[in-house]
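The residues making up each chain are set out below.
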Amino acid sequence: MRIVFLIIFNLLLSSCDLSQLNNPYSEADPNLSILYSSFSERPKRLDPATSYSTSENSFLAQIYEPPYQYSYLKRPYQLEPLSAKKLPVINYFNAQDVLLSGNFSANKIAYSEYIIEIKQGIKFQLHPAFIEANRHLSSDQIEKLTQLNDFTEQGTRELIAEDYVYQIKRLADPKVQSPIAEFMKEYIVGFGEFSQEVKDKKKIEIKSTPLSGVTVLSRYKYKIRIKGKYPQFKFWLAMNFFAPMPWEANEFYQQKGLGDKNISLNWYPIGTGPFFLEENNPNQRIVLTKNPNYHETFYPSEGEQVDKEKGLLKDAGRKLPFIDKVIYILEKETIPYWSKFLQGFYDASGISSDSFDQAVQFSASGNAQLTETMQDQGIRLQTSISTSIFYMGFNMLDPVIGGDSEHARKLRLAISIALDYEEYISIFMNGRGIPAQGVLPPEIFGNLEKKEGMNQYVYNWKNNNYQRKSIEKAEQLMTEAGYKSGVDPKTGEALVLYFDTTSVGAGARAMMNWYRKQFEKIGIKLVIRPTDYNRFQDKIRDGSGQIFTWGWNADYPDPENFFFLLYGPNGKVKFKGENAVNYQNSKFDQLFEQMRSMDDTEQRSQIIQQMQEIIRHDVPWVFGYHPKRFALYHQWFENIKPSFMAHKELKYLRIDATSREQKREQWNQAVFWPLIAALVLFILVLIPAINAFKKRSRKTVQ
Amino acid sequence: MIKYILRRILYALPLLMGVNILSFILFFVVNSPDDMARMQLGQKHVTEQAVQNWKHQHGYDLPLLWNDRASSNKKMTETIFYQKSIGLFLLDFGVSDSGRNISEDIKQRMWPSLSIALPSLIVGLLVNISVALMMVLFRNSYLEFSSIVLCVILMSISSLFYIIGGQFFIGKLLKLVPISGYDTGFSAIKFLILPIVISVISGIGSGARWYRTLFLEEVEKDYVRTARAKGLTETQVLFKHVLKNAMIPILTGVVVVLPLLFMGSLIMESFFSIPGLGSYTIDAINSQDFAIVRAMVFLGSVLYIFGLILTDISYTIVDPRVRLS
Amino acid sequence: MIILWTDTLIYLLVIAISLAIFFIGKQPQMRRPIKKIGASKTGMISLVVLIFFVIIGLLDSVHFKSTESRTHEIISLLDYWAKPLREQGEKTYSAPFSTQLYSKETMTADDGTTQWGYPRLKFGGAHLQNPEAEWKMDVFTKALIGFGKGAGLFALLFIFFWITLHKNHEHFFANPTSKAVWFVLFTLISKTYMLIDLSMYYHVFGTDKVGEDVFYQAIKSIRTGLVIGSLTTMIMLPLAIVFGIMAGFFRGWVDDVIQYIYTTLNSIPSVLLIAASILMVQVYMSNHAEDFNSLIVRSDMRLLFLCLILGVTSWTGLCRMLRAETLKLREMEYVQAAQALGVRRGAILIRHILPNVMHIVLISVVLDFSGLVLAEAVLSYINIGVDPTTYSWGNMINGARLEMARDPVVWWSLLASFIFMFSLVLAANLFADTVRNAFDPRRAD
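Note that the structure is a prediction, hence the values are computed from the model and not measured. (Residues numbered from 1 in each chain as written. Chains lettered and ligands numbered in written order. Predicted model: local features only at pLDDT ≥ 70, side-chain atom pairs only at ≥ 80, totals over all residues. Heavy atoms only, no water.)

Asker: Lay out the overall build of chain A in plain terms, naming residues and giving numbers.
Answerer: Helix and strand counts for chain A come out as 23 helices and 25 strands. Across its three principal directions, the C-alpha atoms of chain A cover 110 × 75 × 50 Å. In chain A, which comprises 702 residues, the proportion classed as buried is 58%. Summarising the internal contacts of chain A: among those between residues at least 6 apart in sequence, 71% fall at separations of at least 24. Roughly 29500 Å² of accessible area belongs to chain A as shown, and the carbon and sulfur atoms make up 52% of that amount. Here chain A contributes 85 positively and 80 negatively charged side chains, and the mean placements of these two sets differ by 3 Å. (Helix = DSSP H or I, 4+ residues; strand = E, 2+ residues; numbered from the N terminus. Buried < 20%, exposed > 50% of the residue type's maximum accessible area, 1.4 Å probe, protein only. Contact = heavy atoms within 4.5 Å. Areas by Shrake-Rupley, 256 points an atom, 1.4 Å probe, with all protein chains shown as cover. Lys, Arg positive; Asp, Glu negative; His and termini not counted. Charge placed at Lys NZ, Arg CZ, Asp CG, Glu CD.)

Put into structure tokens, the structure is as follows:
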């Protein structure tokens, strides 16, 4: 009994006011503006050289700073200097290594050089690695450690060009296992040789080994040499892979025994960004704190036209960042997250499809707007189309559905028409997406709007809008393809196609049923083969799959990053590339090679249109859809603008902590009466029983 | 006694070996090291070289069970099986495929698991015993009949309904506790109340019924009749004699599960996002992190065997007639 | 007609159970407990409910290729009869008995004007001209008519039985238990008929996210629940009986080996075992894709495997009990005597030991059944249960728990699965109680 009292007493102490019994947070410092967010999957590696997932990026992007970033407010996406002083100076050289100047044709270029100058006076975050003694710990000292915060002494130093070069060397080091190493080998001069050279050396020795293509020019200037012309390289320089890394980090973390305590670069980054990782407990929470050493950066004063109306320019010119702390909490399920968001314990939220029509409704004109209950709570909505595409791929090596033959092409086209992605979007995505007309999403160079951008093989232009061709057209195509009303002449039964998918779980059955119905419209029997992710990958790799759906998230906002998914020499089966459908068309390949090294000119746009036309004609993909992101955020949360490129938004965000506290209190009044009622009821039931028992025991005594 | 324990521990070795081989085979039949590498490396730009590198770094580039190319005395040892098993027996679980030290993680996640499982067990035991005692006390009355019916009804409801319902009513509608999450120290209490209440309620049905039969068996024995004949009241009989004697099977039953409490509850933990060992296991299965799964299987069997030994010992303590041999 | 793997096993099981009932009924020592079950009101009522479920499950286990659709799907007898339920889907959520969708949408009228409101359903209550005014009355009359038809059917049945049986078997009608049974039969038949009648015009339990009828899903799940509950026991029984008796009877190294096997299996957390084997099936199926062309064959294979692996993980408990019991029995005088007389060991096992442990087997079978039905739901939650395309209560709950976060709450999927699952498990539990009371020698009175 005493224990129970103790627990109750403690409970009362820990939550003095009864209004927020359900508050999941214990620290309540009203003076700090803390942003509450969540992570659903524990980040596996927070090393900028190896991390390549969006979930990890949302942490890394706040901690590390590559030379460039995308403008927060401007669209289409634009590069701007971050830790660099200005955009890179690019020089071109011919095969004889002579600097090209004036007018010269692109095919003369053998090398390009990017010269990057960085800002002076930037400092790293405080970190024990910068103290000499900490890099030579005795095993006794290491034995005593449990976490990085156990180090009392922490230091810093100025950021220099050497640190950027060091990071590129790390990318090349086979022991680091950077996912882009193989890719960069094709471009950066001397990258492959360097990999070979340091293969058997210790990690720290890369500092003294030179990499011929990447050199330090001065304390604040360095140079990267690229084979040929590769205009997209500047976008890579805005990714975390090219963020600076101090050599001290390697020397510190490679000390024996630290890894066993999970003290490694994967878990405790060293960056120059606006935040540093204060607590990394992937089992429970991750805390980012404002970096006191952060260099002076200010809120942008220019943006899109609508940004001013939306109040996104209110903070123009103020020093960044605004938020003192970000607490990410492990939250695996969407339901608790959503409920907590509505209770005010999370500041922003996406919308799961299950709670969608609770939050959003479409007006008569088709615009999304918040429901009344949401508006009453002061919640705001932001929508934006992502730079990604989800498509259905046909394996072009397959004898039935693939290949260049006209029959197979017509079959694919018939399926393209029959698959009503408008319905898909409205059923499974609650209208959060737009049907794709080609390979490119909106906001990517070369994508055309309205009628010019229509896929005329699948759509008609009617009433100033896209209209899917009728199912009769698809049936006619089926007949032309040799499958009259879906009957396979070889078997005399319905044509059987195979659909490989990795989706399992609650929503999958409905989706699979939907796919089956779509194929049934033109008489095809679709067999669905759900597999786990590995088997699925195997099938794609050896080309034994037939139909599958896949998506692509852009690495950088350039058409090249989408068209290379269909480039012949990227074929999955033959060349282990990213062309999962193994599409091969020499005309397309030739156009691609031409397009990729061009700057964004009218001519490039024309080539892109030709490429779109080829793909629409050949139908290796059913262009699915481009998802639209809907984000909700509370009234106290300011300066949100969704960005699909680098996720550096955290430093721009602002939170009104006092207003939040008020609302939370208002929204979270605990309801006690049912508990009391249940207790009373229980006692009422018990009383007659006890009476009866007393009577009976009296009887037995008598 | 000590001799007995020593023998049991020796006997545990082949058991653990069997468990180890079984879990190894089960997971490698479906998962080749290549699969594991790809799983960990992510989706974009994964080359054959990267896969090889990963395998080399994590020690998966050896043959599975038998190394033909190694020199004679290394044919067994230069294999994935040997390399990955030897650490387990020393309770050094090594590094997970995603790069974290497993022992550290287990040490950390054990506490949340325990802080749900232990109170659930104790409170559940108290509640079940008192309900069962009440049923015996009020036997042959409407109260007993309705309690039995209630128990069967409670038993027939899937635990998922309890969790979903509890979260919905207590967390969302009444706002009495946070819906999910966890915190360290005393502030964890508010997160733990709901899961504990739910697991106690969902266990009442079967638990109370089981204890009731135990008590009833005891009530019908001769010594109880004698006690009653001595003039003891019904309550005295129940508490002094029946409860005391029935505690022996109850307690020994509890001892078996005690060590397994460390493993946590799979469903509870993932519903309430409590960072315990149960959700750790589920995550590992879902992300196919073989190193963690094997470590957890091994730990589970060690604890199970430990529980068996504890039970035997507890028998000797409560009942002096039992001798271990 | 197409026979799936689980179908075969179900037929075998039905045959085995009928044979078992036949033989057990003949044995004199079994008569008393059977009579006791027959006299128990709750026991008989729950048995009726169970049989009702079993009939639905059996109807759902007769598969054939549909000749109607072009794709020649495999459907079952139940699907055939429930065709309107199966095919009359809506667009998305609609509440039970509703005539309109659950959420507002922009509707375009014939004249091109758009309006913001609740669209009418395509099938639910589509026969009504003016839903607001007619709806209540219509549901009521339809329910009444259905109930009446069901009652009529029951009356016919009852009269038929009464005429044929009442002379020789008066106890079928007179004693309180049989009265209760008849009453339960009456409610079951008339309610079922009522539901069937109503479901022609309405979605009795509403529709789910993609507009599928929830009532249909709940009915289809019955088979899955039964299969898991019964096939698993069928798989574990031989293992448990053979190993348990052998270990107890032969002792020595046989005992050691068997003990070793079951302790090893027991000490592996069963969730991990199940996860690994489900993965294995998937790999097998993707390697032999050509054998698993149809979705239903695939999900059937996975169901079968789930039963298999559940059987493998759950035989150990019964095995240990049987071993202990056999150890006791083998010291009995009549067994000792038989051994002394030189009766062969096999004969002793079959003639003396096996019949005397049968009551333990029976009790544990009925007890395990409900536990397995419940376990299916939990396993589906961690994605290692039945195939996501299989209809099962676990999958329904799993999908529905996301709906609980909506506001207004979509409660009907959860309710439907709750009602069906609860009634099956409750009936099974009550029946198990009766069986235990009847067979447990300690409770003989």
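Asker: So, the overall build of chain C: which residues are in play, and what are the values?
Answerer: Per the secondary structure count, chain C includes 16 helices and 4 strands. Expressed as a percentage of the 445 residues in chain C, the buried residues total 51%. Once local pairs closer than 6 in sequence are excluded, the contacts in chain C between residues at least 24 apart make up 71%. Within the structure as shown, chain C displays about 20400 Å² of accessible surface, and the carbon and sulfur contribution to it stands at 67%.

Asker: Tell me about the pattern of salt bridges, and please be specific about residues and values.
Answerer: All names here are of chain A. Taken as a whole, this structure holds 52 salt bridges over all chains when the rule is applied. For E302, the salt bridge identified is with K74, shortest N-O distance 3.9 Å. Of this pair, E302 sits in the loop between β10 (285-290) and α9 (305-309) while K74 sits in the loop between β2 (68-70) and β3 (79-81), and the two are 228 residues apart along the sequence. For E302, a relative accessible area of 53% translates into the label exposed. Take K74: its relative accessible area is 25%, and that puts it in the partly exposed class. Between K290 and D324 there is a salt bridge, with the nearest N and O atoms lying 3.6 Å from each other. (Salt bridge = Lys/Arg side-chain N within 4 Å of Asp/Glu carboxyl O.)

Asker: For the side chain of C:H203, give the residues involved together with the corresponding values.
Answerer: All names here are of chain C. Mapping H203 onto the fold places it in the loop between α8 (176-199) and α9 (214-250). Within polar-contact distance, the side chain of H203 engages the side chain of D213 at 2.6 Å. Look past the residues within four positions of H203 in its chain and what remains in contact with it is Q88, E90, S94, A95, P96, F97, L121, F123, G124 and D213. (Polar contact = N/O pair within 3.5 Å; in protein donor to acceptor, adjacent residues only side chain to side chain.)

Asker: Residue-level account of the nonpolar core, with values.
Answerer: In this structure, C:L306, C:W393 and C:F420 are the most contacted members of the largest nonpolar core, which totals 183 residues. At 17 residues, the largest contribution of residues to this core is made by α9(C). When residues no more than four places from it in sequence are discounted, the contact partners of C:F420 are C:F53, C:F205, C:F215, C:A218, C:I219, C:I222 and C:W393. Ranked by size, the runner-up nonpolar core spans 132 residues in total, among them A:L46, A:A436, A:F564 and A:I640. (Core = buried A, V, L, I, M, F, W, Y, C linked by side-chain atoms within 4.5 Å.)

Asker: How would you sum up the interface of chain A and chain B? Please name residues and give values.
Answerer: Taken together, the contact pairs 64 residues of chain A with 59 residues of chain B. Taken together, the links from chain A to chain B amount to 1 salt bridge. With its nearest N and O atoms 3.2 Å apart, the salt bridge here joins B:D105 to A:R42. Connecting chain A to chain B are 13 residue pairs in polar contact (both at pLDDT 80 or more).

Asker: Explain the domain arrangement of chain A to me, and be specific about the residues and the numbers.
Answerer: Split by domain assignment, chain A resolves into domain 1 (2-18 + 671-701) and domain 2 (388-629). Between domain 1 of chain A and domain 2 of chain A, the C-alpha centre-to-centre distance is 65 Å. (Domains from an automatic or database assignment.)

Asker: If you had to explain the domain arrangement of chain C to someone new, which residues and values would you point to?
Answerer: Residues and elements named next belong to chain C. Split into domains, chain C comes out as domain 1 (89-199) and domain 2 (222-430). Computed from C-alpha atoms alone, the centre-to-centre distance between domain 1 and domain 2 is 36 Å. Across the contact, 5 residues belong to domain 1 and 7 residues belong to domain 2. Contact with domain 2 buries area across many residues of domain 1, yet Y93, P96 and Y102 alone supply 86% of it, more than any other trio. Scanning the region where domain 1 abuts domain 2 turns up 0 salt bridges. On the surface where domain 1 and domain 2 come into contact, there are 2 residue pairs in polar contact (both at pLDDT 80 or more). Grouping the amino acids of the side of domain 1 that touches domain 2 by side-chain chemistry returns 4 nonpolar, 1 polar and no charged. (Buried area = accessible area lost by both parts, 1.4 Å probe. Nonpolar A, V, L, I, M, F, W, Y, C, P; charged D, E, K, R; others polar.)

Asker: Explain the interface of chain C and chain B residue by residue, including any values.
Answerer: Listed per partner, the contact involves 42 residues of chain C and 41 residues of chain B. Both sides of the chain C and chain B interface together cover about 3600 Å² of buried area, and 77% of this is carbon and sulfur. For C:D433, the salt bridge identified is with B:R209, shortest N-O distance 2.7 Å. Along the contact surface separating chain C from chain B lie 5 residue pairs in polar contact (both at pLDDT 80 or more). Only α10 (252-267), α11 (270-287), α14 (345-381), α15 (393-403) and α16 (412-439) of chain C provide two or more residues apiece to the side of chain C that touches chain B. For the side of chain C that touches chain B, the leading source of residues is α16(C), giving 11 residues. Considered class by class, the residues forming the side of chain C that touches chain B number 28 nonpolar, 7 polar and 7 charged.

Asker: An account of the sheet that holds strand β9 (residues 275-281) of chain A is requested, with residue identities and associated values reported.
Answerer: Residues and elements named next belong to chain A. One open sheet holds the 4 strands; their spatial order is β1-β11-β10-β9, and the pairing between them is mixed. The strands lining the two open edges of the sheet, one partner per strand, are β1 (34-39) and β9. Within this sheet the neighbouring strands show an average axis-to-axis angle of 20 degrees, counted without direction. Bridge count for β10 against strand β11 (residues 325-330) is 5 bridges, and the pairing is antiparallel. Residue pairing for β11: L288 is matched across the bridge by V326. (Pairing = 2+ DSSP bridges. Axes fitted to C-alpha atoms, helices over the stretch in contact; angles between N-to-C directions.)

Asker: Outline helix α16 (residues 508-520) of chain A, listing residues and values.
Answerer: Residues and elements named next belong to chain A. In this model, α16 (13 residues) spans 18 Å end to end at C-alpha, consistent with the 18 Å of a helix rising 1.5 Å per residue. Taking burial as the measure, the 13 residues of α16 include 10 buried ones, the bulk of the element. Listing the buried residues of α16 in full gives A508, R509, A510, M512, N513, W514, Y515, R516, Q518 and F519. (Expected span 1.5 Å × (residues − 1).)

Asker: Provide a residue-level description of the pairing of strand β16 (residues 388-394) of chain A, including the pertinent values.
Answerer: Residues and elements named next belong to chain A. Buried residues dominate β16, accounting for 6 of its 7 residues. Relative to strand β22 (residues 547-553), β16 is paired through 7 bridges, and the arrangement is antiparallel. In the strand pairing of β22, F390 is matched with G551. One ladder, built from 4 bridges, connects β16 with strand β23 (residues 621-633); its direction is antiparallel. From the neighbouring strand, F390 faces β23, where its bridge partner is Y625.

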